[in-house]
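# Tertiary structure, described
Listed below, chain by chain, are the residues.
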Amino acid sequence: MSFKSLGLSDAIVKAVEEKGYTKPSVIQEKAIPEVLKGKDLLASAQTGTGKTAGFTLPILEILSKNTTKGKRPIRALILTPTRELAAQILENIKEYSINLNLTSTVIFGGVNQNPQKRALNAGIDILVATPGRLLDLVQQGVLSLSKVDILVLDEADRMLDMGFVRDIKKVIALLPSKRQNLLFSATFSREIKQLAGEFLTNPVLVEATPENTTVEKISQRVVRVDKVKKTPLIIKLIKDGDWSQVLVFTRTKHGANRLSEKMAKSGITSAAIHGNKTQGARTKALAGFKEGKIRVLVATDIAARGLDIPLLPHVVNYELPNIAEDYVHRIGRTGRAGANGEALSLVCVDENDYLRGIERLIKMKLDSSMIDGYEVDPTIKAEDPNPQRKNQRSGGGGRNVRGGNSRGGNSSNKPRSAASRSKSSFNSGGNTKPRRRD
Ligand code: AMP
C-alpha cells in the first residue's frame, strides 16, 4: 500500500516522502480513504501510530481541491487538549502542505493573543486550537467558525479528562450543522461514546491497536526500590548507562520540579515540563531536549501527552501513574515508528496496587528486579502514594487504579517478555472495532 494508492495527490505524496515516510501506517491506511470519501470517523489511535497524518493528509487533499476567493474562511478546525500537541499538529500540517496553497495556524492559551489575532486576520484554511483560547477569540469576534467543513477532535478522551466537555459542546454549537466530523481517542469510555453519539453521523470505526496493548520492541522493566532511594538510583542509571536522552515521568508537578533540580545538581542537564510552566518555558524545554542540549526531560502525564519526540531511547517512570492507561501512553514515547526503546519503572512498595492495575490492563507481568546497593528494605510499610487524590474520580468511568496499602510483592508467575505479548501500533494490523473499556 502506498500513499498515492490511498487517493492522495502528488503534491502531498511528495511532501510525505520528504519526511521519510515510505508507507502508510495502519491508521493511515484505514482512515485516509474514508475521510476522503467524506465520512465521519470514530478512530481509536494513540500518539505514536501516525494518527496525525491519518487525519491531516486527507483534510489537505479535500481542502486543496476547493480553494476559495477573497479572505479565506476557516474550513477545517482541529481541537486538541494541550498546547504542545496543538503546536506539533501545526508543525506537521506545515510540512505536509509545503507544496499546496493552503494556510494554517495554531492558537492556544498561555501566550500573547496578538500574534494569533494577526495570523487569523490574514485568513486561514486550517486552524488548530485548544478549546479555551478558541472560545475566547470567538467571543472577541476575532474569528468565525461558520464556514467549517471538517471538525477534528484529537485525543478526545484526554480533552474530557481535562474537563473540556462543555467547551467542546460550545464550539460544536458554533459550527455549521452540515460538516464532516473526525473523532480520535485512545480509549472509548462511556463519556466518549456519548459524545460520539451526539455529534458523529454514521461514523466509520477505525482502530490502530488492539485495546491497551503496549508497543512492540519496547522492553519494559520494573526495578523495585525504596522511595527514598529513587533519586540516587535514577541518577546512577543515567550516568552509568550514559543515557543521552531520557524522558522521566513523575505524578506531580512539584515532584517533576524537585527531581529536575536534583538532576541538575548532580551534573545532568535537565528541565521539567508541566502545566504550571509558562508556554515559553515548555517550548524551550522541549526544543532543548529534542536538540540534545537537555539530557533529561521530567514530565507529568498531561504535559507529555501528545509530545512528538521521535526515536526516544529511554522512558523512565520515576513514579507509576495512578491511572493505568497513562502507563501505556507514557511508554508509547519510546520505540516509536519501529525504533527500539526501553521503558523502566522504579516501583516502591506504595505503588504495588498501581503496578497490579497496569499489569491487568496490559495483560502481562512485567519483569521485576533489584539493583545492587539499592535493595528494598522489607521493613518499610506501604503508604498511600497519592493521598490527595483519595475520593477523586470515584465512579468516574473506572480509569483510576486505586492507591492502596497492600504489600503484594513480585508475582511468582514467570514474566513474559513485552515483545512476545504485544503488537506494534505502527505496523501491525488491527480490527475495525473501537476499543471498549467499560
Ligand atoms: P503521531 O502518532 O501522529 O504522533 O506520529 C508519530 C510519529 O510517526 C511522528 O514522528 C510522525 O512524524 C511519524 N510518522 C507518521 N506517519 C508515518 C509513516 N507513515 N511512516 C513513518 N513515520 C511516520
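Residues numbered from 1 in each chain as written. Predicted model: local features only at pLDDT ≥ 70, side-chain atom pairs only at ≥ 80, totals over all residues. Heavy atoms only, no water.

### A closer look at the overall build of the protein
Tallying secondary structure elements over the protein gives 16 helices and 14 strands in all. Going through the 438 residues of the protein one by one, you find that 57% of them count as buried. (Helix = DSSP H or I, 4+ residues; strand = E, 2+ residues; numbered from the N terminus. Buried < 20%, exposed > 50% of the residue type's maximum accessible area, 1.4 Å probe, protein only.)

### Side note on the site of the ligand
Around the ligand sit 15 residues in total, of which Tyr21, Gln28, Gly48, Gly50 and Thr52 are the nearest. Contacts to the ligand include Gln28, whose side-chain N or O atom sits 2.8 Å from a nitrogen atom. Gly50 is positioned with one of its backbone polar atoms (N or O) 2.8 Å from an oxygen atom of the ligand. Here the ligand loses 88% of its free accessible area of 500 Å² to cover by the protein chains. Residue composition of the shell around the ligand, grouped by class: four nonpolar, seven polar and four charged. (Near = heavy atom within 4 Å. Polar contact = N/O pair within 3.5 Å; in protein donor to acceptor, adjacent residues only side chain to side chain. Areas by Shrake-Rupley, 256 points an atom, 1.4 Å probe, with all protein chains shown as cover. Nonpolar A, V, L, I, M, F, W, Y, C, P; charged D, E, K, R; others polar.)

### Focus: the packing of aromatic side chains
Where two aromatic rings form a pair, the distance of their centres and the angle of their planes describe that pair. Under the defined criterion, the tally for this structure stands at three aromatic pairs. Note on Phe3 and Tyr21: the rings are 6.5 Å apart at their centroids and 35° apart in plane angle, and the pair reads as tilted. Of this pair, Phe3 sits in the segment before α1 (10-18) while Tyr21 sits in the loop between α1 and α2 (26-36), placing them 18 residues apart in sequence. Pairing Tyr21 with Tyr96 gives two aromatic rings, centres 6.1 Å apart and planes at 65°, and the pair type is edge-to-face. Taken together, the residues span a long stretch of sequence, with Tyr21 in the loop between α1 and α2 and Tyr96 in helix α4 (residues 83-96) at a distance of 75 residues. Residue Tyr21 is classed as partly exposed on the basis of its relative accessible area, which comes to 26%. One aromatic cluster is present, formed by Phe3, Tyr21 and Tyr96 through successive ring pairs. In this structure, Lys230 is placed above the aromatic ring of Tyr318, and the distance from its NZ or CZ to the ring centre is 5.8 Å. (Phe/Tyr/Trp six-rings, centres within 6.5 Å; stacked < 30°, edge-to-face > 60°. Lys NZ or Arg CZ within 6 Å of the ring centre and 35° of its normal.)

### A word on the pairing of strand β10 (residues 270-273)
With burial as the criterion, each face of β10 is covered, one bearing Ser270 and Ala272 and the other bearing Ala271 and Ile273. Judged from the four bridges that link them, β10 and strand β11 (residues 296-299) form a sheet pairing that is parallel. Pairing of Ser270 across the sheet is with Val296, part of β11. The β-α-β motif built from β10, the intervening helix α12 (residues 279-291) and the parallel element β11 has right-handed crossover chirality. (Pairing = 2+ DSSP bridges. Right-handed = clockwise from strand over helix to strand, strands pointing away.)

### Section: the packing of helix α10 (residues 230-241) against helix α11 (residues 253-265)
Direction vectors running N to C along α10 and α11 enclose 50°, while the axes themselves pass 11 Å from each other. When the interaxial angle is binned, α10 and α11 end up oblique. Crossing angle aside, the handedness with which α10 passes α11 is right-handed. Contacts between α10 and α11 involve Thr231, Ile234, Ile235 and Ile238 from the first element and Leu259, Lys262 and Met263 from the second. Grouping the amino acids of the contact of α10 with α11 by side-chain chemistry returns five nonpolar, one polar and one charged. (Axes fitted to C-alpha atoms, helices over the stretch in contact; angles between N-to-C directions. Parallel < 35°, antiparallel > 145°, perpendicular 65-115°, else oblique. Left-handed = near helix turned anticlockwise from the far one by under 90°. Contact = heavy atoms within 4.5 Å.)

### A look at the sheet that holds strand β3 (residues 104-107)
Within a beta sheet, neighbouring strands are joined by backbone hydrogen bonds and run either parallel or antiparallel to one another. The seven strands lie next to each other as β3-β4-β2-β5-β6-β1-β7, forming an open sheet whose pairing is parallel. At either end of the open sheet lies a strand with only one pairing partner, and these are β3 and β7 (204-207). Geometrically, the sheet is characterised by an average inter-axis angle of 15° between neighbouring strands, direction not taken into account. One ladder, built from four bridges, connects strand β5 (residues 150-153) with strand β6 (residues 180-185); its direction is parallel. Counterpart to Val152 in the pairing with β6 is Leu182.

### Side note on α12
Taking 1.5 Å per residue as the helical rise, α12 with its 13 residues ought to reach 18 Å, and the 18 Å between its terminal C-alpha atoms agrees with that figure. Every buried residue of α12 is accounted for by Gln279, Arg282, Ala285, Leu286, Gly288 and Phe289. On its buried side, α12 packs onto α4, β9 (246-249), β10 and β11. Positive phi shows up at Gly292, right after α12, with a value of about 90°. (Expected span 1.5 Å × (residues − 1).)

### Brief notes about the confidence of the model for the protein
Per-residue confidence for the protein gives a mean pLDDT of 83; residues scoring 70 or more make up 83%. When the criterion is pLDDT under 50, residues 390-438 qualifies, and its contacts beyond four places in sequence or with other chains add up to 125 contacts. (pLDDT = per-residue confidence, 0-100.)

### A short note on the pairing of β11
On β11, burial covers both faces: Val296 and Val298 on one face and Leu297 and Ala299 on the other are all buried. Taken together, the four bridges between β9 and β11 define a ladder with parallel strand orientation. In the strand pairing of β11, Val248 is matched with Val298.

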